[in-house]
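The primary structure of each chain is shown beneath.
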Amino acid sequence: MAKTRKGHPVKGAIAGLLLGLSVSLFLLIFSLWVVKNLEWYAIVVGAGVVVGILWGLYGPRRRRKRPAGPPVVVGPRGAGSPGAPPPV
Amino acid sequence: MQGAAGALLTGAAMAWWATPAFAGTRDASTAPTPVVPGVSLEPSNCSGSGTVVNGSGQVLDHATAPGGGGASPGNPILVDPNGVVTYEGTSGTAITNHHWYVDLDGIEVQSGGSPNTGMETSTHGTKKISDFLPAHIITGTYYVDGAISGTGGECSGSAYVKIEGDPAVTAAFGLAVVLFLLALWLFYAGMPDEAEEMLDVADELGQSQPPPAR
């Protein structure tokens, strides 16, 4: 039962894509980065995708909650119970 | 020729254009910004001018060419989506069987052509900006360029156009916010999981529950 990490590069890539698109839109509508060709914004989007993939692979780990199940019933210790002290 | 001029002016959100190329200057008496060039046109036998009026009827910006330093992102032509633009342009010679186009940030937004059998060398008109750019869609500064070429000559022009307005009330801003929030959620969902293998083994053994604490 070795501890492993399971990455999510696809989710990360999509997250990075959306982040790149949103940042590009912000840059565009606020005139923060004026370019002669919209293709330059592909750099921002591409960088977002790369960051997203790296995040999905090597980002901080998220502890997954264990699935809920029926409660475990533990009987009282007493006669007949395994591990119970012998009757005196 | 008329198509080309109109295209550059309209598609360029009224950057205005004439036919060929120069560098334009702003009218200091009307422009709210310092007198600076806002348009480039080539070659020099082309000329033009344009006036942008906002939705309240006040002159927002005015530019003519040639006569200035050319298109500059720091000195864009101001445009109000609720306003209109009046433009005029001339070319030194008639350009026939021409083709013209207008690019916005490198993307062709309008194009066309005409035989120009009337051998016209000038054009003018007034365009409502909302016919091409509805309000509250987007703001920002964009590079607009275009050209006309055909028998008898060619002209090209460019300008930076700044669409006035509050960015926070545009559809583009709303879209950007939604995309940003989606990205944040996906970044969280895309974090690597820990101890996934432990759970898998537990499932195989039929012990999805942790052992009770003693």
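Draft legend 1. Focus on helix H2 (residues 41-58) of chain A. In a regular helix each residue adds 1.5 Å, so 18 residues correspond to 26 Å; H2(A) covers 26 Å between its end C-alpha atoms and thus fits that length. Elements in contact with the buried residues of H2(A): helix H1 (9-29) of chain A together with helix H2 (171-189) of chain B.

Draft legend 2. View of H1(A). Residues and elements named next belong to chain A. The end-to-end C-alpha distance of H1 is 30 Å, a good match for the 30 Å that 21 residues give at a rise of 1.5 Å each. Across the 21 residues of H1, 17 count as buried, placing the element largely inside the fold. The positive-phi residue at the C-terminal boundary of H1 is Ser-31, with phi of around 55 degrees.

Draft legend 3. Examining the nonpolar core more closely. If you look at the biggest cluster of nonpolar residues, it comprises 50 residues, and the most contacted ones within it are Leu18(A), Ile77(B) and Val161(B). Broken down by element, the residue count for this core peaks at eleven residues, all from H1(A). The residue makeup of this core includes at least three contributed by each of domain 1 (2-166) and domain 2 (168-204) of chain B. Setting aside its immediate chain neighbours within four residues, Leu18(A) contacts Leu179(B), Leu182(B), Ala183(B) and Leu186(B).

Draft legend 4. Region of interest: the domain arrangement of chain B. Residues and elements named next belong to chain B. By the assigned domains, chain B splits into domain 1 (2-166) and domain 2 (168-204). Domain 1 puts six residues into the contact, and the matching count from domain 2 is five residues. A breakdown of the residues in the side of domain 1 that touches domain 2 according to their chemical character gives two nonpolar, three polar and one charged.

Draft legend 5. Representation of the packing of H1(A) against H2(B) within the structure. Where H1(A) meets H2(B), the axes come as close as 8 Å, and the angle between the chain directions of the two elements is 155 degrees. Taken together, H1(A) and H2(B) sit at an angle that is classed as roughly antiparallel. As H1(A) runs across H2(B), the sense of the crossing is left-handed. Facing Lys11(A), Ile14(A), Ala15(A), Leu18(A), Leu19(A), Leu21(A), Ser22(A), Leu25(A), Phe26(A) and Ile29(A) of H1(A), the residues of H2(B) in contact are Ala172(B), Phe173(B), Leu175(B), Ala176(B), Leu179(B), Phe180(B), Leu182(B), Ala183(B), Leu186(B), Phe187(B) and Ala189(B). Of the residues assigned to the contact of H1(A) with H2(B), the class counts are 19 nonpolar, one polar and one charged.

Conventions adopted
Residues numbered from 1 in each chain as written. Chains lettered and ligands numbered in written order. Predicted model: local features only at pLDDT ≥ 70, side-chain atom pairs only at ≥ 80, totals over all residues. Helix = DSSP H or I, 4+ residues; strand = E, 2+ residues; numbered from the N terminus. Expected span 1.5 Å × (residues − 1). Contact = placed C-beta atoms within 7 Å. Buried ≥ 20, exposed ≤ 12 C-beta atoms within 10 Å, placed from the backbone. Core = buried A, V, L, I, M, F, W, Y, C linked by C-beta atoms within 7 Å. Domains from an automatic or database assignment. Nonpolar A, V, L, I, M, F, W, Y, C, P; charged D, E, K, R; others polar. Axes fitted to C-alpha atoms, helices over the stretch in contact; angles between N-to-C directions. Parallel < 35°, antiparallel > 145°, perpendicular 65-115°, else oblique. Left-handed = near helix turned anticlockwise from the far one by under 90°.

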